[in-house]
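# Understanding the architecture of this molecule
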Amino acid sequence: MVLLRRWADPATLLALIQALAEQAPFRFMTTRRGGKLAAAMTSAGASGWVSDARGYRYESRDPLTGQSWPAMPDAFLVLADTAAAEAGFPGFAPDTCLINRYAVRAGMGLHRDGDERDFDQPIVSVSLGLPAVFLVGGMEKDEKPFSVGLESGDVLVFGGPARLLFHGIRPVKPGDDPLFGPFRYNLTFRRAR
DNA sequence: GAGTAACC
DNA sequence: CGGG
């Protein structure tokens, strides 16, 4: 796992996120057993990550609008590819970007990103807005995680042996980011298929 | 199941 | 009160 501190440009990404959210609005998804995910989500790219009563999966259409997910902006692709290369994974070509929006007090429990086809492909994660404590666990869910502070513009690359580590986000503390206001956004670039 | 809560 |  490689952390590139203050590596992405938050202002550029904010404008792109706003444009994407007009086409595919942020929404709260549910888990199979009726729980609600604490972060609002949307996606861009050829497919998008979806969770509902039927489970977790990638869908090529947005269930909310019935339309294709918005195309991934070129600047997203360039960012993900250069960050991956910097971390030792050249040639990364993500086909989806999951965008998570955390309001104050929202977090995400320990989980692993396991719905993609090829775990040899890394995941590039970009933090924006309010800071947060990122939890890095082990290969088993019961392993006790350690904490990493993440700030706006930080980029984390999960690849190789780190690709399937359990991870999570502690509830976001109240604050006001100059660009993003009272929110934390997270972009995760994946090769789903 | 990326959920919460109760209980020890 | 924190962890299991």
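Residues numbered from 1 in each chain as written. Chains lettered and ligands numbered in written order. Predicted model: local features only at pLDDT ≥ 70, side-chain atom pairs only at ≥ 80, totals over all residues. Heavy atoms only, no water.

## What about the protein's contact with DNA strand B?
Not every one of the 16 residues close to DNA strand B is listed here, only the nearest: Arg-32, Trp-49, Tyr-56, His-111 and Lys-141. Across the atoms of DNA strand B situated within 4 Å of the protein, the share located in sugar and phosphate is 52%. Note that a base nitrogen of DNA strand B is positioned 2.9 Å from one of the side-chain N or O atoms of Trp-49. Within the contact set of DNA strand B, a base nitrogen lies 2.6 Å away from a side-chain nitrogen or oxygen of His-111. Ranked by residues supplied to the surface near DNA strand B, first place goes to strand β6 (residues 108-111) with four residues. Per-class residue counts for the surface near DNA strand B are five nonpolar, four polar and seven charged. (Near = heavy atom within 4 Å. Polar contact = N/O pair within 3.5 Å; in protein donor to acceptor, adjacent residues only side chain to side chain. Helix = DSSP H or I, 4+ residues; strand = E, 2+ residues; numbered from the N terminus. Nonpolar A, V, L, I, M, F, W, Y, C, P; charged D, E, K, R; others polar.)

## Digging into helix α2 (residues 74-86)
A rise of 1.5 Å per residue sets the reference length of α2, with its 13 residues, at 18 Å; its end C-alpha atoms lie 18 Å apart and thus fit the reference within 8%. Packed against the buried residues of α2 are β1 (2-4), α1 (10-23), β5 (96-103), β7 (123-129), β10 (155-158) and β12 (183-190). Looking at the residues trailing α2, positive phi occurs at Gly-88, about 100°. (Expected span 1.5 Å × (residues − 1). Contact = heavy atoms within 4.5 Å.)

## A closer look at the sheet that holds β7
As summarised here, the arrangement of the six strands in space is β1-β10-β7-β12-β5-β2, forming an open sheet in which the pairing is antiparallel. A single partner strand is all that each edge strand has here, and the edge strands are β1 and β2 (40-45). Within this sheet the neighbouring strands show an average axis-to-axis angle of 20°, counted without direction. Sheet analysis places β2 next to β5, joined by six bridges and oriented antiparallel. What sits directly across from Thr-42, in β5, is Ile-99. (Pairing = 2+ DSSP bridges. Axes fitted to C-alpha atoms, helices over the stretch in contact; angles between N-to-C directions.)

## Thoughts on the UniProt feature "domain: Fe2OG dioxygenase" (unreviewed entry) in chain A
Per the UniProt record, "domain: Fe2OG dioxygenase" (unreviewed entry) is found at residues 93-193. With 0% helix and 44% strand, residues 93-193 has its two end C-alpha atoms placed 11 Å apart. (UniProt positions renumbered as here; feature names shortened; annotations may be inferred.)

## Considering the environment of Met-41
Relative to the helices and strands, Met-41 resides in strand β2. When the C-alpha positions of Met-41 and Val-172 are compared, they lie 16 Å apart, and in sequence the two are 131 residues distant. Apart from residues lying up to four places away in sequence, Met-41 is in contact with Pro-25, Phe-26, Arg-27, Met-29, Trp-49, Leu-98, Ile-99, Asn-100 and Met-108.

## Observations concerning the packing of aromatic side chains
For the coordinates displayed, the defined rule picks out six aromatic pairs. Ring plane angle 55° and centroid distance 6.2 Å describe the contact between Phe-183 and Tyr-185, whose orientation is recorded as tilted. Exposure remark for Phe-183: the relative accessible area of 25% places this residue in the partly exposed category. Connected via pairs of aromatic rings, a cluster forms that spans Phe-26, Phe-180, Phe-183 and Tyr-185. In this arrangement the basic side chain of Arg-101 is found over the ring face of Phe-26, its NZ or CZ atom lying 4.9 Å from the centre. (Phe/Tyr/Trp six-rings, centres within 6.5 Å; stacked < 30°, edge-to-face > 60°. Buried < 20%, exposed > 50% of the residue type's maximum accessible area, 1.4 Å probe, protein only. Lys NZ or Arg CZ within 6 Å of the ring centre and 35° of its normal.)

## Topic: unusual backbone geometry
The backbone of Arg-6 shows a phi angle near 50°, a positive value even though the residue is not glycine. Within the secondary structure, Arg-6 is located in the loop between β1 and α1.

## Things to note about the UniProt feature "binding site: Fe cation" (unreviewed entry) in chain A
What UniProt calls "binding site: Fe cation" (unreviewed entry) maps, in this numbering, to His-111, Asp-113 and His-167. Spatial clustering of the annotated residues is evident: they stretch over 57 residues in sequence, but the largest pairwise C-alpha distance comes to 8.8 Å. Considering only the annotated residues already named, the ones lining the largest pocket are His-111, Asp-113 and His-167. If you trace the backbone, Asp-113 turns up in the loop between β6 and β7. Excluding its chain neighbours within four sequence positions, the residues that come into contact with Asp-113 are Phe-119, Ile-123, Arg-163, Leu-164, His-167 and Arg-190. Look past the residues within four positions of His-167 in its chain and what remains in contact with it is Gly-109, Leu-110, His-111, Arg-112, Asp-113, Phe-134, Leu-135 and Phe-158. (1 Å grid on protein atoms, 1.4 Å probe; cavity = no way out; pocket = protein on both sides within 12 Å on 5 of 7 lines; lining within 4 Å.)

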